[in-house]
Amino acid sequence: MATALAEKLHQYFPAAPIDLLVRKGNEALLQNNPLINQVLIWDKQQNKKRNLWKMALRVRKQKYTHVINVHRFGTSGFITFLSGAKNKIGFDKNPFSFCYTKKVQHIISEPYALNPVHETGRNQMLINDITDAIPALPKLYISATDREKIKNLQGQPYICIAPSSVWFTKQFPVEKWVDLINALPADHTIYLLGGPADAVMADDIIRMAKHGHIKNLCGSFNFLQSAALLEGAVMNYANDSAPLHFASAVNAPVTAVYCSTVPAFGFGPLSQNSKVVEIPERLYCRPCGLHGYKSCPQGHFRCAFEIPNEELLWWTLRKI
C-alpha cells in the first residue's frame with residue numbers, strides 16, 4: 001500500500017529522491033520500481049535492537065528533508081525520532097508521535113461504514129499538504145525476466161487462488177475452497193498460490209477437489225512473479241491478505257473473501273474488476289478484531305462457513 005505514496009510524491013516532486021524503509025523479506029516487492037532511489041532494509045529477526053539502532057543512525061546520516069512514517073509501531077517511531085529531518089510526519093497513535101512536526105489522526109472506519117477510509121486514503125493524509133487529497137494507486141513493477149518465468153503457465157485461461165492466510169480466522173476454510181473449485185469452469189486451469197508453508201494446505205485442496213486441472217504452485221515463485229501470474233488470470237481469489245494487495249497493485253481481477261475482518265477497516269480491493277464477498281448477515285460477533293485469530297473466538301466460524309458459493313461465482317454467472 002505504501003507504494004501509492006511513492007507514486008503521488010513522484011508526481012509532485014519528480015526530481016526528489018525517494019527512499020523506502022522496509023522490514024527484511026519485503027524488499028523484493030520493490031525491485032524494478034523506477035521511483036525508488038534506494039531500499040533500506042531492517043533485519044528484525046536477528047539482533048533486532050542493534051539493527052534498529054544502526055538503521056536509525058543510517059537514516060540520520062541521509063539528512064532527509066521529510067521522513068514519512070506510515071506505521072503506528074514504536075520501532076519506526078524511534079527511527080523517525082532520531083532522523084533529524086526537518087519534517088517528521090506520522091500518525092497520532094505512534095508512541096513517538098510527540099516528535100512529529102505533522103501528526104495525523106489514524107482513522108479506522110466503523111465496520112459497516114458507507115464510505116470507509118481505505119489504507120491508501122489514510123496514508124495520503126500524511127502528504128496531502130504537499131501534494132493533494134487524492135490518493136494514488138499502489139503499483140508493483142514487474143520485470144521482463146519475472147514475466148518470462150511464468151509465461152509457460154499462461155497458454156490457457158486460468159484462475160488463481162491464494163487459499164492461505166497468516167491468521168486462521170482470515171482464512172476461507174479448505175472445504176469451502178473445494179466447493180468453489182468444483183463449481184469453477186472445467187476448461188480453466190486452477191493455480192494455487194502461496195509460500196512454501198502453504199503447500200500442504202494446497203495439496204489437501206487438490207486431494208479433495210473434483211476439478212480436473214489444478215496445480216500447486218505454493219513456494220514456486222517470488223512476489224513479483226506471483227503478481228505477474230495474477231495479472232494474467234481470468235479471476236483471482238484471495239483472503240484479506242497480501243495476495244489481495246498484489247492484485248490491486250497490478251490491477252488484476254480479484255474476488256476478495258472476508259471472513260472475520262471487514263473491508264471497512266481499509267484493506268479492500270482496488271482493482272477495476274473486483275468484488276468483496278462476505279457473509280450477508282451482520283453477525284453479532286463480526287468483526288472480532290482488527291486482525292485475525294488462531295481460532296474462532298465463538299467456536300462456530302459462521303463468518304466463513306456461511307458465505308454463499310454463488311457469491312463467489314459472480315463473474316462466471318455474468319459470462320454465461
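Above: the structure in question.
Quick summary incoming for the structure in this document. All values reported here derive from a predicted model rather than from experimental measurement.

### Side note on the layout of surface pockets
Here's step 1: Estimates place the volume of the second largest pocket at around 230 Å³.
Here's step 2: Looking at side-chain class alone, the lining of the second largest pocket contains nine nonpolar, four polar and four charged residues.

### Some thoughts on the packing of helix 2 (residues 48-62) against helix 3 (residues 74-82)
Here's step 1: Following both chains from N to C, one finds helix 2 and helix 3 inclined at 35°, their axes separated by 8 Å at the closest point. Of the two elements, helix 2 crosses helix 3, and the hand of that crossing is right-handed. Touching Lys48, Leu52, Trp53, Met55, Ala56, Val59 and Arg60 of helix 2 are Thr75, Phe78, Ile79 and Leu82, all from helix 3.

### Section: helix 1 (residues 3-12)
Here's step 1: Buried residues dominate helix 1, accounting for seven of its ten residues.
Here's step 2: Thr3, Ala4, Leu5, Ala6, Glu7, Lys8 and Leu9 are the residues of helix 1 that are buried.
Here's step 3: The elements touched by buried residues of helix 1 are strand 3 (66-69) and helix 4 (119-124).

### Topic: the sheet that holds strand 4 (residues 87-91)
Here's step 1: One open sheet holds the three strands; their spatial order is 3-4-5, and the pairing between them is parallel. Looking along the sheet, the strands with just one partner apiece sit at the ends: strand 3 and strand 5 (102-104). With strand direction ignored, the average angle separating the axes of adjacent strands in the sheet is 10°.
Here's step 2: Looking at chain direction, strand 3 and strand 4 are connected through four bridges and run parallel.

### Some remarks on the side chain of Asp198
Here's step 1: Among the structural elements, Asp198 can be located in the loop between strand 7 (189-192) and helix 7 (199-208).
Here's step 2: The contact partners of Asp198, leaving out residues within four places of it in the chain, are Ser164 and Cys218.

### With respect to the sheet that holds strand 11 (residues 274-277)
Here's step 1: One open sheet accounts for six strands, arranged 8-7-6-9-10-11; its pairing is parallel. Each edge of the open sheet is held by one strand with a lone partner, namely strand 8 (214-216) and strand 11. When the angles between neighbouring strand axes are averaged without regard to direction, this sheet yields 20°.
Here's step 2: In this structure, strand 7 lies alongside strand 8, joined through three bridges in parallel fashion.

### Points about the packing of helix 6 (residues 174-183) against helix 7
Here's step 1: Across the interface, helix 6 lies against helix 7 with an axial gap of 9 Å and an inter-helix angle of 50°. What the angle tells us is that helix 6 and helix 7 run oblique. Crossing handedness for the pair helix 6 and helix 7: right-handed. Across from Val174, Glu175, Trp177, Val178 and Ile181 in helix 6, the residues of helix 7 making contact are Met201, Ile205 and Met208.

### Here's the deal with the nonpolar core
Here's step 1: With 35 residues, the main nonpolar core has Ile161, Trp177, Ile181, Leu184 and Tyr237 as its most contacted residues.
Here's step 2: Secondary-structure elements contributing two or more residues to this core are strand 6 (158-162), helix 6, strand 7, helix 7, strand 9 (235-239), helix 10 (302-305) and helix 12 (314-319).
Here's step 3: It is helix 6 that contributes the most residues to this core, five residues altogether.
Here's step 4: Setting aside anything within four residues of it in sequence, one finds Ile161 in contact with Trp177, Leu180, Ile181, Leu184, Ile190, Tyr191, Leu192, Leu193 and Tyr237.
Here's step 5: By size, the runner-up hydrophobic cluster in this structure holds 26 residues, among which are Ile142, Tyr158, Leu217 and Phe246.

### Considerations on helix 9 (residues 242-249)
Here's step 1: Among the eight residues that make up helix 9, six are buried, leaving the element largely enclosed by the rest of the structure.
Here's step 2: Those residues of helix 9 not exposed but buried are Leu244, His245, Phe246, Ala247, Ser248 and Ala249.
Here's step 3: Where the residues of helix 9 are buried, they touch helix 8 (223-231), strand 9 and strand 10 (254-257).
Here's step 4: Phi turns positive, to about 55°, at Asn251, one or two residues after helix 9.

### Re unusual backbone geometry
Here's step 1: In this structure, the amide linkage connecting Arg286 to the following residue, Pro287, adopts the cis form with an omega of 0°.
Here's step 2: Within the secondary structure, Pro287 sits in the loop between strand 11 and helix 10.
Here's step 3: The backbone phi angle of Asn47 is positive, close to 50°, even though this residue is not glycine.
Here's step 4: Mapped onto the fold, Asn47 is located in the loop between strand 2 (38-42) and helix 2.
Here's step 5: The phi angle at Lys63 is positive, at roughly 55°, despite the residue not being glycine.
Here's step 6: Locating Lys63 in the fold gives a position in the loop between helix 2 and strand 3.
Here's step 7: Classification of Lys63 by relative accessible area gives exposed; the value is 68%.

### Let's talk about the environment of Asn222
Here's step 1: Tracing the backbone shows Asn222 in the loop between strand 8 and helix 8.
Here's step 2: On the basis of relative accessible area, Asn222 is assigned to the partly exposed category, the value being 31%.
Here's step 3: A sequence separation of 104 residues divides Asn222 from His118, and the C-alpha atoms of the two residues are 27 Å apart.
Here's step 4: There is a polar contact of 3.1 Å between the side chain of Asn222 and the backbone nitrogen of Leu224.

What counts and what doesn't
Residues numbered from 1 in each chain as written. Predicted model: local features only at pLDDT ≥ 70, side-chain atom pairs only at ≥ 80, totals over all residues. Heavy atoms only, no water. 1 Å grid on protein atoms, 1.4 Å probe; cavity = no way out; pocket = protein on both sides within 12 Å on 5 of 7 lines; lining within 4 Å. Points joined across faces, edges and corners; volume = space filled by probe spheres on them. Nonpolar A, V, L, I, M, F, W, Y, C, P; charged D, E, K, R; others polar. Axes fitted to C-alpha atoms, helices over the stretch in contact; angles between N-to-C directions. Helix = DSSP H or I, 4+ residues; strand = E, 2+ residues; numbered from the N terminus. Left-handed = near helix turned anticlockwise from the far one by under 90°. Contact = heavy atoms within 4.5 Å. Buried < 20%, exposed > 50% of the residue type's maximum accessible area, 1.4 Å probe, protein only. Pairing = 2+ DSSP bridges. Parallel < 35°, antiparallel > 145°, perpendicular 65-115°, else oblique. Core = buried A, V, L, I, M, F, W, Y, C linked by side-chain atoms within 4.5 Å. Polar contact = N/O pair within 3.5 Å; in protein donor to acceptor, adjacent residues only side chain to side chain.

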